[in-house]
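Residues per chain are reported as follows:
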Amino acid sequence: MVDVTALGARVASSAVAPLVRRLFVRDGPGAALVDRPVRISALVSFRGEKRSVTPEDVDKVAGELVRRAMKAAGPGEEPVDPAEATAVKDALARTLARLGEITVEDYEAVGLGPERFARELRANVPLSPYGLGADGLLLYERLLHTASLHILNFLTQRSTYVARQQTVQTQQLARLVQAVDVLLERLPSRSAEDAGFEERYADHIAARYGTLTIYGLDAGTREWPLDTAYLSLEAARPRAGREGGREGGRQEAEHLTVAAEQVLAGQDQVFLRGVAGSGKTTLVQWLAVTTAGRAYDHGLTHLIGRVPFVLPMRRIVRPGAELPFPGDFLRAVGCPVAGEQPPGWVERVLRARRGVLLVDGIDEIAGDRRAAARRWLRELVRAFPGNLWLVTSRPSAVPEDWLGAEGFGERVLARMSQDDVTTFVRRWHRAAGAPEPVGEALLRSVRTTSELNRLATNPLMCGMLCALHRDRRGFLPQDRRSLYEAALAMLLERRDRERELHDPAGARLPYAVQVQLLQKLAWWLIRNGRQEMDRAEALQIIGRALPALNLAGSGDEEVYRALLLRSGLLREPAEGRVDFLHRTFQDYLGARLAVQEMDFDLLVDHAERDDWEDVILLALAHARPREAEYILRRLADSGHARGTLLAAAGLRYVAEVDPEVRERVEDGLRTHVPPVDFEAARELARAGGDLVLGLLPGPEEIDHRTAARVVFTAAGVGSEAALRFLCRFREHPGSGVQQSLAAAWHLFDREQYAREILAHLPRQWSVDVSTADDLRTLRSLGGWEHILVRGAYRVDDLTGLIVAERLVHLTLEAAHPVEGLAWLSAFPGLRSVAVLTDTDAAVTRQVPDGVKVQIVPAGSPSRPQG
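Residues numbered from 1 in each chain as written. Predicted model: local features only at pLDDT ≥ 70, side-chain atom pairs only at ≥ 80, totals over all residues. Heavy atoms only, no water.

## Here we look at the sheet that holds strand β12 (residues 577-580)
Then comes step 1: Strand order in the open sheet formed by 3 strands is β10-β12-β11, and the pairing between neighbours is antiparallel. If you trace the sheet from one side to the other, it starts and ends with β10 (533-534) and β11 (570-571), each paired once.
Then comes step 2: In this sheet, β12 lies alongside β11 in antiparallel orientation, the contact comprising 2 bridges. Bridge pairing links Arg 571 to Asp 579 in β12.
Then comes step 3: Helix α20 (residues 511-527) contacts β10, β11 and β12 of the sheet and is inclined by roughly 100° relative to β12. (Pairing = 2+ DSSP bridges. Helix = DSSP H or I, 4+ residues; strand = E, 2+ residues; numbered from the N terminus. Contact = heavy atoms within 4.5 Å. Axes fitted to C-alpha atoms, helices over the stretch in contact; angles between N-to-C directions.)

## Re the pattern of salt bridges
Then comes step 1: Per the counting criterion, the structure on display carries 32 salt bridges.
Then comes step 2: Residues Glu 340 and Arg 200 are paired through a salt bridge, measuring 2.8 Å at the closest nitrogen-oxygen approach. Pair noted here: Glu 340 is in the loop between α12 (329-332) and α13 (345-351) and Arg 200 is in helix α8 (residues 192-209), with a separation of 140 residues, a long-range link.
Then comes step 3: Put simply, Asp 534 and Arg 577 hold a salt bridge, and the shortest N to O gap is 2.0 Å. Taken as a pair, Asp 534 in strand β10 and Arg 577 in strand β12 lie far apart in primary sequence, 43 residues in all.
Then comes step 4: Assessed through its relative accessible area of 2%, Arg 577 is described here as buried.
Then comes step 5: Within the structure, one salt-bridge network assembled from shared partners comprises Glu 613, Arg 642, Glu 683 and Arg 686. (Salt bridge = Lys/Arg side-chain N within 4 Å of Asp/Glu carboxyl O. Buried < 20%, exposed > 50% of the residue type's maximum accessible area, 1.4 Å probe, protein only.)

## As for the side chain of His 672
Then comes step 1: Among the structural elements, His 672 can be located in the loop between α28 (659-670) and α29 (678-688).
Then comes step 2: Residue classification places His 672 among the buried residues on the basis of a relative accessible area of 19%.
Then comes step 3: For His 672, the side chain forms a polar contact with the side chain of Thr 644, separated by 2.7 Å.
Then comes step 4: When sequence neighbours within four positions are dropped, the list of residues in contact with His 672 reads Ala 641, Thr 644, Leu 645 and Leu 684. (Polar contact = N/O pair within 3.5 Å; in protein donor to acceptor, adjacent residues only side chain to side chain.)

## Observations concerning the pairing of strand β9 (residues 409-413)
For a regular strand, the rule is simple: side chains alternate between the two faces of the sheet.
Then comes step 1: Where burial is concerned, most of β9 is hidden: 4 out of the 5 residues are buried.
Then comes step 2: In this structure, strand β5 (residues 269-273) lies alongside β9, joined through 4 bridges in parallel fashion. Along β9, the bridge assignment pairs Phe 271 with Glu 410.

## Some words on the packing of aromatic side chains
Then comes step 1: For the coordinates displayed, the defined rule picks out 13 aromatic pairs.
Then comes step 2: On the numbers, 5.7 Å between centres and 70° between planes, the contact of Trp 523 with Trp 612 is edge-to-face. Of this pair, Trp 523 sits in helix α20 while Trp 612 sits in the loop between α24 (600-605) and α25 (613-622), and the two are 89 residues apart along the sequence. Neither residue differs from the other here; Trp 523 and Trp 612 are each classed as buried.
Then comes step 3: Between the aromatic rings of Phe 725 and Phe 729, the centroid separation amounts to 5.4 Å while the plane-to-plane angle is 45°, which identifies the pairing as tilted.
Then comes step 4: With relative accessibility at 0%, the residue Phe 729 sits in the buried group. (Phe/Tyr/Trp six-rings, centres within 6.5 Å; stacked < 30°, edge-to-face > 60°.)

## Focus on the environment of Ala 371
Then comes step 1: In this fold, Ala 371 is placed in helix α14 (residues 367-383).
Then comes step 2: Linking Ala 371 and Val 398, residues 27 residues apart in sequence, is a C-alpha distance of 9.7 Å.

## Quick look at unusual backbone geometry
Then comes step 1: Backbone torsion omega between Val 673 and Pro 674 reads -10°, so that peptide bond is classified as cis.
Then comes step 2: Here Pro 674 is to be found in the loop between α28 and α29.
Then comes step 3: A positive phi angle is found at Arg 353, which is not glycine, with a value near 60°.
Then comes step 4: Looking at the element boundaries, Arg 353 is found in the loop between α13 and β7 (355-360).

## Considerations on α25
Then comes step 1: Among the 10 residues of α25, 10 are classified as buried, and the element is accordingly described as predominantly covered.
Then comes step 2: All of the buried residues along α25 are Glu 613, Asp 614, Val 615, Ile 616, Leu 617, Leu 618, Ala 619, Leu 620, Ala 621 and His 622.

## Focus on the packing of helix α23 (residues 583-596) against α25
Packed helices, taken two at a time, are described by their axes: the angle between them and the distance between them.
Then comes step 1: Between α23 and α25, the shortest axis-to-axis distance is 8 Å and the interhelical angle comes to 55°. Between α23 and α25, the crossing angle belongs to the class labelled oblique. When the axes of α23 and α25 are compared, the crossing they make is right-handed. Every residue of α25 that contacts α23 at Asp 587, Tyr 588, Ala 591, Arg 592 and Val 595 is listed here: Asp 614, Val 615, Leu 618, Ala 619 and His 622.
Then comes step 2: Residue classes in the contact of α23 with α25 are distributed as 6 nonpolar, 1 polar and 3 charged. (Parallel < 35°, antiparallel > 145°, perpendicular 65-115°, else oblique. Left-handed = near helix turned anticlockwise from the far one by under 90°. Nonpolar A, V, L, I, M, F, W, Y, C, P; charged D, E, K, R; others polar.)

Written as structure tokens, this is what we have:
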């Protein structure tokens, strides 16, 4: 038999080249910029509308390649028998059919080379069904390599390739020149001492903030690389004048949303609000690492040449101490290279307008220190203008526009969409090495169970659900209290046992003892409005508790070390300082002790404080029926809106409630129905959940403006029951109602919502899309007139999946980086396009005649009209 490894070379190029050429469409002259990006899949002639070659023809091409290889071997030297030759042909045909699926562009494919390109084609093509033996597999690989070589050669001979490659290189060079110009502007002359220290400081930032703690991996916690773990969420800002818009215009409550990591792209100073676990601190880490890494492949040119300063408020605000001046920033956060910084370095960075100041957790300092924090921020912003500032907080810790006078724009981190949850769950299971079906089973449970769907709203809760679902082999807690209890058991009781840590250092602490001690530490922090305590304070609390615990012979220092090292919930963020790994665990443990100590009045007296909301709700979950009823009565009778809404939210946490108490809580909730504005609607949905749906009026009972707010409320609930309620409004004639319904698409299962709501709406209202699946769903409805494309996009997805004749208005969150908007000629009915971008107006070049283009800065508070 012939040596198979040499057989590919004996298949004449004159025979292979015509076969390969038959797989591709012909092109015309030019650089093919209109069709950019030029994906391999777009060139294959059996894809899309071009049917000159069919999949059967690909089978024939593969068969011809195998036949010529067998013939080239000569009589008696055939590498495989006829039956296996057929199997090689089938496997090769399936692999060549991948040309219509892969998304690399033509010049990228050429850059891969034939070996890597062959591997790209072979990816996701299982060979086991073909039953290839060793010789058959080798023949398949040699023929695939030969075909790949000729495919890449063919691509380089296309008339558009050279011109296109030159254009791409020109654009890349232009972006490089722009980046260099920005660097020259932002990097004034620096001493060698400053430059050297900045390098060391950047290395520290990358090491310190380059990982995330992921709950539940390895039966406890594990560090996850930030570039793998980071999930881009959305940040929204309410439009000005919520009630001032005209009925026929854009909905007053509509939000302009951007990717969270882009919040500083359009505005230098941003105040970002988000609930516990929503990803505020993760965003701070990502911005710090991206800035320090000096790799700007994320398109964040506003970070080029800058220096990040991460300032967690719980670390820099000390009892009785002043807030730090710039020269003390690094020392205040315990940076190990602080002693090396050249004198005056931070001030020089800030005067050069190169700073990115990331102030995390205004809510994590005592209320009486927040006024001082605002004065500190105001003085720094005025003393060092032109730097970038991001300040984060829980939603209601400080009033609206708390920093508005200093030029800070407000943003709110949105809850995770169903797409975000899907992405997170799949990444988590890949990182955990869990089988794919386990993650998919969890996703099905979250989508079909309203309680789980309500829990899976932020990265922290999603991580806990993933961990417990795997840990319990698919059996999940159905409420928040049970979820925390299971997580505690996993972290405190099972972690060391499952890691086979049979002889841990320090005192052995039973589960119940660990919980009791952690509760005391948590409740002390909550009562004192602190997020962090001195180590001496922690030792004092533990020492007072020891006489009542069965820990003979153990001292406070030994017990403290055991809690710190083994629980996974405590940490020392700096020398001599102690805090909880996450605020959520502190709230849960503190609430347990509040109920044990019967501190119910203390809880209710703090109901108006945002940082006590979760504590009160979790206390209701722990309380016995009579205790819970007492708290609910006091909240319902408090006489202020926050108390009545908190009572309504608390009903979901209580297993047994006297009917009279339930009615009193519902009566308090009724005072907020219908909501007076869209902000009230948002709070009503968050507090009332499914309960509020039974109190909202139907479409025939209210005027059009009120109906829009009612729909906005129900959409905010986001449950199956909410979707059924919204179906009652789908034929409503009010424009505000129709806009609210169209805007709520991303809050529900996309396909179900499209069938039950969007299919019944006029097509002129703007809907948001962020994936190719979204576009396919709209296509199944016959198309849509006004589409807003969120985030990065592929031109061939837009031109291939949008019903071209139907599109009238298009909004893009970002201009395509190379060819501008010439590809819009694919939409004959298009009348206007708006681009939310910070780039110059060059994106408007080659716009088709008759299409009006509006360039809107990414930080603009208003969205363009359709």
